[in-house]
There are 2 protein chains.
Amino acid sequence: MEHNLSKHISGKFNQDLENVRNHVLAMGGLVEQQLNSALDAVSANDSEQARQVEKDDYKVNAMEVSIDEECTRIIAKRQPAASDLRLVVAIAKTIADLERIGDEARRIAQVALDSFSKEQQDLLVMIDNMGRQVSKMLHDVLDAFARMDVEAAFKVHKEDAKVDREYEALIRQIMTYMMEDPRSIPKIMALVWSVRSLERIGDRCQNIAEYVIYFVKGKDIRHISQEDIEKDILKL
Amino acid sequence: MEHNLSKHISGKFNQDLENVRNHVLAMGGLVEQQLNSALDAVSANDSEQARQVEKDDYKVNAMEVSIDEECTRIIAKRQPAASDLRLVVAIAKTIADLERIGDEARRIAQVALDSFSKEQQDLLVMIDNMGRQVSKMLHDVLDAFARMDVEAAFKVHKEDAKVDREYEALIRQIMTYMMEDPRSIPKIMALVWSVRSLERIGDRCQNIAEYVIYFVKGKDIRHISQEDIEKDILKL
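Since this is a predicted model, take the numbers as computed values, not measurements.

What counts as what
- Residues numbered from 1 in each chain as written.
- Chains lettered and ligands numbered in written order.
- Predicted model: local features only at pLDDT ≥ 70, side-chain atom pairs only at ≥ 80, totals over all residues.
- Heavy atoms only, no water.
- Helix = DSSP H or I, 4+ residues; strand = E, 2+ residues; numbered from the N terminus.
- Rg over C-alpha atoms; globule rule 2.2 N^0.38 Å.
- Contact = heavy atoms within 4.5 Å.
- Areas by Shrake-Rupley, 256 points an atom, 1.4 Å probe, with all protein chains shown as cover.
- Lys, Arg positive; Asp, Glu negative; His and termini not counted.
- Charge placed at Lys NZ, Arg CZ, Asp CG, Glu CD.
- Salt bridge = Lys/Arg side-chain N within 4 Å of Asp/Glu carboxyl O.
- Buried < 20%, exposed > 50% of the residue type's maximum accessible area, 1.4 Å probe, protein only.
- Buried area = accessible area lost by both parts, 1.4 Å probe.
- Polar contact = N/O pair within 3.5 Å; in protein donor to acceptor, adjacent residues only side chain to side chain.
- UniProt positions renumbered as here; feature names shortened; annotations may be inferred.
- Least-squares fit on C-alpha atoms with pLDDT ≥ 70 in both.
- Phe/Tyr/Trp six-rings, centres within 6.5 Å; stacked < 30°, edge-to-face > 60°.
- Lys NZ or Arg CZ within 6 Å of the ring centre and 35° of its normal.
- Axes fitted to C-alpha atoms, helices over the stretch in contact; angles between N-to-C directions.
- Parallel < 35°, antiparallel > 145°, perpendicular 65-115°, else oblique.
- Nonpolar A, V, L, I, M, F, W, Y, C, P; charged D, E, K, R; others polar.
- Expected span 1.5 Å × (residues − 1).
- Left-handed = near helix turned anticlockwise from the far one by under 90°.

Enquirer: I'd like to hear about the overall build of chain A, residue by residue, with values.
Expert: Along its length, chain A carries seven helices and zero strands. When the helices and strands of chain A are listed from N to C terminus, the series reads α-α-α-α-α-α-α. For 236 residues, the compact-globule estimate of 2.2 N^0.38 gives 18 Å, and the C-alpha radius of gyration of chain A, at 19 Å, lies within 12% of that figure. When its C-alpha atoms are laid out on the principal axes, chain A stretches across 65 × 40 × 20 Å. Pairs at least 24 residues apart make up 83% of the contacts formed inside chain A by residues separated by at least 6 positions. Accessible surface computed for chain A: about 10100 Å², of which carbon and sulfur atoms make up 48%. Taking the average location of the 33 positive side-chain charges in chain A and that of its 42 negative ones, the two points are 4 Å from each other.

In structure tokens, the structure reads:
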């Protein structure tokens, strides 16, 4: 069920809102690229690429600040009505989460600056699997945002539970590894942080899914159970 | 240097903005109480109190949702001009950080559900010290927010570097402990998460300090060095 965005946009706004929406999608694309680069750097143990992710984070930050200003300007200049205002609010919140996802990608890339033994590599492979799953979640929620598709957004929302289970399992694996080889703890701790970062990215994708539903349905669904969202708000 | 809030508030807004501001302060007070309760629960190993923190988190969430709606309603109804709009934006961002601080307090309280050996208690004492430092930071930034005092806000902003150093030191201590007693790793991991939560709360207090400066000075200071903030924006 794709939402007809243009119907929601009153005449003279069109251009401003269309512009800011495109900027969000560009920012989303950059953040997705940063996450994938970070994952690539880790799995290839490529410190060069890791440093590039670190270096490019300023671009994500600059985009957030500039889109944020754009949102404030639109509100001040255009005095938007209900649904337009909801779009601006949804955008302002989305870019805040995107910026934090960029930060997490930067943290994940750090892992590539260290080198790992053959046994430790097994953990890296598992982290990469979880990473690709989270990256797909980010891709899907940006897609749902682009089309303002509540069903697609809700699918991502539900996906987060899988990521959380993956996270629990991976942390258990990492702890077992630490117990078997305590000297490796300081090095392995970096993997703990990167797994945590991936879990946090999942949460933030879930947040963005909530903003899409908020915009389309006009309901703030944070802190509401998925069952109730499905029944009362999406009426699926 | 206290900021004269009322000068910034145009006539008919007064009541709406005053109300929402009071709601933010009430929410801040509740979050502060949740954090202190969580720390008390951990240091007294009081599982009852920990469950109370968990249980009361819904109040924080409900306040965020309701203040968020209030902000949207003010913008839609009042069409605020520049400085009023900045206040609403600063408030909307502040409550998002406060809600996340509430989540972290809930996570920290979990530590009280487990019991620790005498040696492990030493780590708990260190965590409590860091916790009280962070709690003071939260108190101070809420105070800066209440008075819209940029200098006080900037002081909190600088305080975060200390919390980060404390965090690094504590994580090193915890890793040493894990290396010496690998069987304790699953239990000690809970301490790692609580120290991480405290560090995150420090970051969020720093965010709130940035919103205070944004409101008063009209400048977005995220991603700007403290040196430049001091020189170019606060002109101290």
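Back to the write-up after that little detour.
Enquirer: Describe in detail the pattern of salt bridges, supporting the description with residues and values.
Expert: One pass over the full model with this rule turns up 47 salt bridges over all chains. The residue Arg132 of chain A makes a salt bridge to Asp40 of chain A at a minimum N-O spacing of 2.8 Å. Taken together, the residues Arg132 of chain A in helix 4 (residues 118-147) and Asp40 of chain A in helix 1 (residues 14-43) connect sequence positions 92 residues apart. One salt bridge in this structure joins Asp181 of chain B and Arg183 of chain B, with 3.5 Å as the shortest N-O distance. Note on Arg183 of chain B: relative accessible area 71%, which makes it exposed. Residues joined in a network through salt bridges with shared partners are Glu64 and Asp68 of chain A together with Lys93, Asp220 and Arg222 of chain B.

Enquirer: A description of the interface of chain A and chain B should follow, citing residues and the corresponding values.
Expert: Size of an interface: often given as the accessible area lost when the parts come together. Contacts between chain A and chain B engage 34 residues on the former and 33 residues on the latter. Approximately 3200 Å² of surface area, both sides summed, lies buried where chain A meets chain B, with 62% of it carried by carbon and sulfur atoms. The interface formed by chain A and chain B holds six salt bridges in total. The partner of Asp68 of chain A in a salt bridge is Lys93 of chain B, and the shortest N-O contact between them spans 2.3 Å. The tally of links between chain A and chain B comes to eight residue pairs in polar contact (both at pLDDT 80 or more). Every element with two or more residues in the side of chain A that touches chain B is listed here: helix 2 (47-78), helix 3 (82-109), helix 5 (150-180) and helix 6 (185-217) of chain A. The element best represented in the side of chain A that touches chain B is helix 6 of chain A, accounting for eleven residues.

Enquirer: With reference to specific residues and values, describe the UniProt feature "domain: PhoU" (unreviewed entry) in chain A.
Expert: All names here are of chain A. Mapped onto this numbering, the UniProt entry gives "domain: PhoU" (unreviewed entry) at residues 25-111 and 127-212. Counting secondary structure, residues 25-111 comes out at 91% helix and 0% strand; the distance between its end C-alpha atoms is 28 Å. Along residues 127-212, the helical share is 93% and the strand share 0%, with 29 Å between the first and last C-alpha atoms.

Enquirer: Tell me about the relation of the copies chain A and chain B, residues and numbers included.
Expert: Superposing chain A onto chain B takes a rotation of 180° plus a shift of 0.0 Å along the axis, which leaves an RMSD of 0.0 Å. Expressed as an axis order, the relation between the two copies is that of a two-fold axis. Looking at the rotation axis and the C-alpha trace of chain A, the residue lying nearest is Gln79 of chain A, at 2.8 Å. Residue by residue, 97% of the interface of chain A is reproduced at the interface of chain B, so both copies engage with the same surface.

Enquirer: Describe unusual backbone geometry, listing the residues and the values that go with them.
Expert: Of all residues except glycine, most have a negative phi; of all peptide bonds, most are trans. Residues and elements named next belong to chain A. Positive phi, close to 65°, is recorded for His223, a residue that is not glycine. Structurally, the position occupied by His223 is in the loop between helix 6 and helix 7 (226-233). In this structure His223 comes out as partly exposed when scored by relative accessible area, which is 41%.

Enquirer: Give me the lowdown on the packing of aromatic side chains, citing residues and values where you can.
Expert: Within this structure, the stated rule accounts for three aromatic pairs over all chains. With a centroid separation of 6.4 Å and 50° between ring planes, the pair formed by Tyr167 of chain A and Trp193 of chain B is classed as tilted. One end of the pair, Tyr167 of chain A, is in helix 5; the other, Trp193 of chain B, is in helix 6 (residues 185-217), on a second chain. Taken as a pair, Tyr167 of chain A and Trp193 of chain B share a single burial class, namely buried. Stacked on the ring of Trp193 of chain B, the Lys or Arg Arg196 of chain A has its end atom at 4.2 Å from the ring centre.

Enquirer: A description of the packing of helix 1 of chain A against helix 4 of chain A should follow, citing residues and the corresponding values.
Expert: What describes two packed helices is the angle between their axes and the distance between those same axes. All names here are of chain A. Where helix 1 meets helix 4, the closest approach of the two axes is 10 Å, and the angle between their N-to-C directions is 170°. With respect to helix 4, the axis of helix 1 lies roughly antiparallel. When grouped by side-chain class, the residues that make up the contact of helix 1 with helix 4 number twelve nonpolar, seven polar and five charged.

Enquirer: Residue-level account of helix 2 of chain A, with values.
Expert: Residue and element names in this part refer to chain A. In this model, helix 2 (32 residues) spans 47 Å end to end at C-alpha, consistent with the 46 Å of a helix rising 1.5 Å per residue. Capping the start of helix 2 is the job of one residue whose side-chain oxygen sits 3.1 Å from the backbone nitrogen of Glu48: Asp46. Two residues or fewer after helix 2 comes Gln79, characterised by a positive phi angle close to 45°.

Enquirer: Account for the packing of helix 2 of chain A against helix 3 of chain A, with residues named and values stated.
Expert: Residues and elements named next belong to chain A. Here helix 2 crosses helix 3 at 170°, and the two axes come no closer than 9 Å. Relative to helix 3, the element helix 2 lies roughly antiparallel. Crossing hand, helix 2 versus helix 3: left-handed.

Enquirer: Any details on helix 4 (residues 118-147) of chain B? Residues and values, ideally.
Expert: Between its terminal C-alpha atoms helix 4 of chain B stretches 44 Å, which fits the 44 Å expected from 30 residues at 1.5 Å a residue. In the segment just after helix 4 of chain B, Met148 of chain B is the residue with positive phi, at about 45°.

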